[in-house]
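Observations on the three-dimensional arrangement
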Amino acid sequence: MKLLRSELASEFNKKLFDMSAGELPDRGTVFADDHIACELSVQAVQFGFQLSGEIKATPEYGCVRCLCDNPIDLTLPIKLWLTAREEITGDVNQDVVHFPENKDHIELNGTIADIIRLAEPMNPICNKNCKGLCPKCGTNLNQKSCDCKPDEPESPWDVLKKFKPQ
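Below you will find a few notes about this structure.

Here is what the cut-offs are and how they apply
- Residues numbered from 1 in each chain as written.
- Predicted model: local features only at pLDDT ≥ 70, side-chain atom pairs only at ≥ 80, totals over all residues.
- Heavy atoms only, no water.
- Disulfide = S-S within 2.5 Å.
- Buried < 20%, exposed > 50% of the residue type's maximum accessible area, 1.4 Å probe, protein only.
- Core = buried A, V, L, I, M, F, W, Y, C linked by side-chain atoms within 4.5 Å.
- Contact = heavy atoms within 4.5 Å.
- Pairing = 2+ DSSP bridges.
- Helix = DSSP H or I, 4+ residues; strand = E, 2+ residues; numbered from the N terminus.
- Axes fitted to C-alpha atoms, helices over the stretch in contact; angles between N-to-C directions.

Digging into the state of the cysteines
Note on terminology: a disulfide is the covalent bond linking the sulfur atoms of two cysteines. Counted under the stated rule, the structure contains 0 disulfides. Left unpaired, Cys 66 is separated from the closest cysteine sulfur, that of Cys 68, by 3.7 Å. Residue classification places Cys 66 among the buried positions, given a relative accessible area of 5%. There is no disulfide at Cys 134, and the cysteine sulfur nearest it, in Cys 146, is 3.5 Å away. Judged by its relative accessible area of 9%, Cys 134 is buried.

Side note on the nonpolar core
Leu 3, Leu 8, Ile 36 and Ile 112 are the most contacted members of the largest nonpolar core, which totals 28 residues. In contact with Ile 112, other than residues within four places in its own chain, are Met 1, Met 19, Leu 24, Cys 38 and Ile 55.

Considerations on the sheet that holds strand S9 (residues 96-98)
Read across the sheet, 5 strands follow the order S2-S4-S5-S8-S9 without closing on themselves; strand pairing throughout is mixed. Where the open sheet ends on each side, the last strands, each with one partner, are strand S2 (15-20) and S9. Going from strand to strand, the sheet's axes swing by 30 degrees on average, the running direction of each strand aside. Sheet topology places strand S8 (residues 74-83) next to S9; 3 bridges connect them, and they run parallel. Among the inter-strand pairings, Thr 83 is bridged to a residue of S9, identified as His 98.

Put into structure tokens, the structure is as follows:
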């Protein structure tokens, strides 16, 4: 998504931007829906521009229990400071993007791809009641049951079961 400096200077409010997931750099995210919507607002500040709003996307994650693909509708906040001042871009507590005065536009596709990628859950599951796969035969237990018997857990105390007092 390309934003022109003249567009930013107009200080738009809740402007809708549509883009395709194919326009984003590859970060390994798979999208269930190719459509990404961004609703953005811009405010001019003394050192540049403050960009804020929401990103709406539908990435698809594989469930860690049953391995089925699971699309998730995400609405992610975005808040960036666009500035030409080098000393501000080093602040680690702010999301600051360097936007030199001699540039007439800024490309945000990489930033949007990063925000979506960072929203991926560490252990995505399709639902909280997911039964997962049978560890013996691999059957998806959400779809059908199997006749496998669970292994008895091994314990160091199992040796005492064989012990017979004299």
